[in-house]
Amino acid sequence: MTEFDKQNYPEPEKFNRSFLGKDVLSVEQFTNRDELELIFDTSREMRKIIDEKKVSELLVGHVVCSLFYQPSSRTFSSFSAAAKRLGAIAIEIPGMEAFSSVAKGENLADTVRSFRQTTAADIIVLRHPEDDSSFEAAKHSEVPIINAGSGRKEHPTQAILDIYTIQEKLGKTDDLTITFTGDLRNGRTVKSLAFLLGMAGNDININFMSPDVLKIPEETKQKLFDMGVNVKEGSNGGLADAVQESDILYVTRVQREWFEVQAREDFEKDFGKAKSLSEEALNIIAKELGEIEYKQAVEGYVIDERLLENSRVLVMHPLPRLGEISREVDDMSNAIYFPQMRYGLESRMALLALILGKGP
Ligand code: NCD
């Protein structure tokens, strides 16, 4: 529990066809497919800059400051590369919790205000373990915040790169069947991408296939129903059939780091607050239960060559991958999880440029 948990934050400003000067906190800021088209078109322009090995001068003099409170490889490096490729000054702090004044107990509001002052940042890119972190940061920041992954809830820039990947690989984001599998409960990328697909596409069919303990939250499902998405749910046992009818199989890592938290949620739901138990006892139970649930969740969950045989399905994954996709799949034409990342570089360049008013 942190100082900003359970606060009510105002809804972030909708994009309404412009990103200029705006925070990117949530996929729910998108109102129209045109907004994605603008990102896609700009990203394709960015691809040319990368392919021609040029450094653009679009953002010369601007500062992009990345503050990461959670581990990251792809998101961190692609924001960094995006800023530099556009000529901006990139200030990058990974390991905020260990190496910044956060280790001394500084709160997010002060941290954000401080980095704006010390770096003259024009944009702050934030990754943080709390669901509402980017809202808290935006409340205290005079420059746009980009949410680079917040808690278990949102990962808007991953969703943008994912839907851009689908557009580039399939030439459409309509009339699609997509199967999501893995950790649908704790993973943030699935929730954000499913919402964007529902917002932008017509005739979207989604299969959520997961073990019982990792089911997609009701709240996410409800939002998709409201947008007219055709949602089906099943267990990993139904994966083979789902793959045969899908255009995309979006695989995710089972997120071990959240299992203690989720075990505690489940325990409290089943047994009430268990008032007679001390905080220490609850922690021990949650830890044990979390480990047991994790082992059950990863058991037998592998996407392999056999599952994909004779299937046109394209396999995506936000990565990191652990055991859930067998390495033999990497060489199959179905596998697009490595090229998927490059779309992240292009679309993050596009986003930086559009926020700073340097888009087409
Ligand atoms: C994901 C994340 O951090 O949410 N990775 C990413 O940003 N590409 C997924 C994960 O950690 O499993």
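Owing to the predicted nature of the structure, the values given are computational and were not obtained by experimental measurement. (Residues numbered from 1 in each chain as written. Predicted model: local features only at pLDDT ≥ 70, side-chain atom pairs only at ≥ 80, totals over all residues. Heavy atoms only, no water.)

Caption draft 1: Representation of the packing of aromatic side chains within the structure. With the rule as written, the count across this model stands at 11 aromatic pairs. Where Phe15 meets Phe19, the ring centres are 4.6 Å apart and the plane angle is 45°; that geometry is what we call tilted. Taken individually, Phe15 and Phe19 each receive the classification buried, so the pair is uniform in this respect. Grouping aromatic residues by their ring pairs yields a cluster made of Phe15, Phe19 and Phe30. (Phe/Tyr/Trp six-rings, centres within 6.5 Å; stacked < 30°, edge-to-face > 60°. Buried < 20%, exposed > 50% of the residue type's maximum accessible area, 1.4 Å probe, protein only.)

Caption draft 2: Representation of the site of the ligand. Taken together, the residues surrounding the ligand are Thr75, Arg127, His155, Gln158, Arg188, Thr189, Arg253, Gln255, Pro318, Leu319 and Pro320. Contacts to the ligand include Pro318, whose backbone N or O atom sits 2.9 Å from a nitrogen atom. A distance of 3.0 Å separates a nitrogen atom of the ligand from a polar backbone atom of Leu319. Contact with the protein chains hides 92% of the accessible area of the ligand, taken as 320 Å² for the molecule alone. (Near = heavy atom within 4 Å. Polar contact = N/O pair within 3.5 Å; in protein donor to acceptor, adjacent residues only side chain to side chain. Areas by Shrake-Rupley, 256 points an atom, 1.4 Å probe, with all protein chains shown as cover.)

Caption draft 3: Layout of the pairing of strand β1 (residues 63-68). Counted residue by residue, β1 has six buried out of six residues, so it is predominantly covered. Going residue by residue along β1, you find Val63, Cys65 and Leu67 tucked away on one face and Val64, Ser66 and Phe68 tucked away on the opposite face as well. Alignment of β1 against strand β2 (residues 89-93), held across five bridges, turns out to be parallel. In the sheet register, Ser66 faces β2, and the bridge partner there is Glu92. On the question of chirality, the crossover connecting β1 to the parallel β2 by way of helix α2 (residues 74-85) is right-handed. Pairing of β1 with strand β3 (residues 123-128) involves five bridges; the strand directions are parallel. (Helix = DSSP H or I, 4+ residues; strand = E, 2+ residues; numbered from the N terminus. Pairing = 2+ DSSP bridges. Right-handed = clockwise from strand over helix to strand, strands pointing away.)

Caption draft 4: How the structure looks around the packing of helix α6 (residues 156-170) against helix α13 (residues 339-355). Running from amino to carboxyl end, α6 crosses α13 at an angle of 115°, the nearest separation of the two axes being 8 Å. When the axes of α6 and α13 are compared, the crossing they make is right-handed. On α13, the residues that touch Thr157, Gln158, Ile160, Leu161, Asp162, Tyr164, Thr165, Glu168 and Lys169 of α6 are Pro339, Gln340, Tyr343, Gly344, Glu346, Ser347, Arg348 and Leu351. Split by residue class, the contact of α6 with α13 holds six nonpolar, six polar and five charged. (Axes fitted to C-alpha atoms, helices over the stretch in contact; angles between N-to-C directions. Left-handed = near helix turned anticlockwise from the far one by under 90°. Contact = heavy atoms within 4.5 Å. Nonpolar A, V, L, I, M, F, W, Y, C, P; charged D, E, K, R; others polar.)

Caption draft 5: Layout of the sheet that holds β1. Taking strand neighbours across the sheet as the criterion, the four strands line up as β2-β1-β3-β4 in an open arrangement whose pairing is parallel. The sheet is open, and its two edges are formed by β2 and β4 (145-150), each paired on a single side. Ignoring which end each strand starts from, the neighbouring axes of this sheet average 10° apart. Against the sheet, helix α4 (residues 108-119) contacts β1, β2, β3 and β4, and its axis sits at roughly 150° relative to β1.

Caption draft 6: The arrangement of the nonpolar core in detail. Of all hydrophobic cores here, the largest spans 64 residues; its most connected members are Phe180, Phe208 and Leu352. Looking at this core element by element, the count peaks at nine residues for α13. Every residue in contact with Leu352, bar those within four places of it in the chain, is listed here: Leu59, Val64, Phe79, Ala82, Ala83, Leu86, Ile123 and Ile146. By size, the runner-up hydrophobic cluster in this structure holds 23 residues, among which are Val243, Val251, Tyr294 and Tyr337. (Core = buried A, V, L, I, M, F, W, Y, C linked by side-chain atoms within 4.5 Å.)

Caption draft 7: Helix α10 (residues 259-271), seen in detail. Helix length check: α10 (13 residues) gives 18 Å between terminal C-alpha atoms against 18 Å at 1.5 Å per residue, within 8%. Within the sequence span of α10, burial applies to Phe259, Gln262, Ala263, Arg264, Asp266, Phe267 and Glu268. On the buried face of α10, the contacting elements are α11 (279-298). (Expected span 1.5 Å × (residues − 1).)

Caption draft 8: A look at the environment of Val254. Structurally, Val254 can be placed in the loop between β8 (248-251) and α10. Residue classification places Val254 among the buried positions, given a relative accessible area of 4%. Along the chain, Val254 and Leu214 lie 40 residues apart, while their C-alpha atoms are 8.5 Å from each other. Apart from the residues within four sequence positions on either side, Val254 is in contact with Asp183, Leu214, Phe259, Tyr294, Ala297, Val298 and Tyr301.

Caption draft 9: Inspection of the sheet that holds β8 at higher detail. Within the open sheet, the five strands sit side by side as β7-β6-β5-β8-β9. Their pairing is parallel. Strands with a single pairing partner mark the edges of an open sheet, and in this sheet they are β7 (230-234) and β9 (314-316). Along the sheet, successive strands turn relative to each other by an average axial angle of 20°, direction set aside. Where β8 and β9 come together, three bridges link them in parallel fashion. Considered in β9, the bridge of Tyr250 is made with Met316. On the sheet, helix α7 (residues 188-200) packs against β5 (176-181), β6 (204-209) and β8 and is oriented at approximately 170° with respect to β5.

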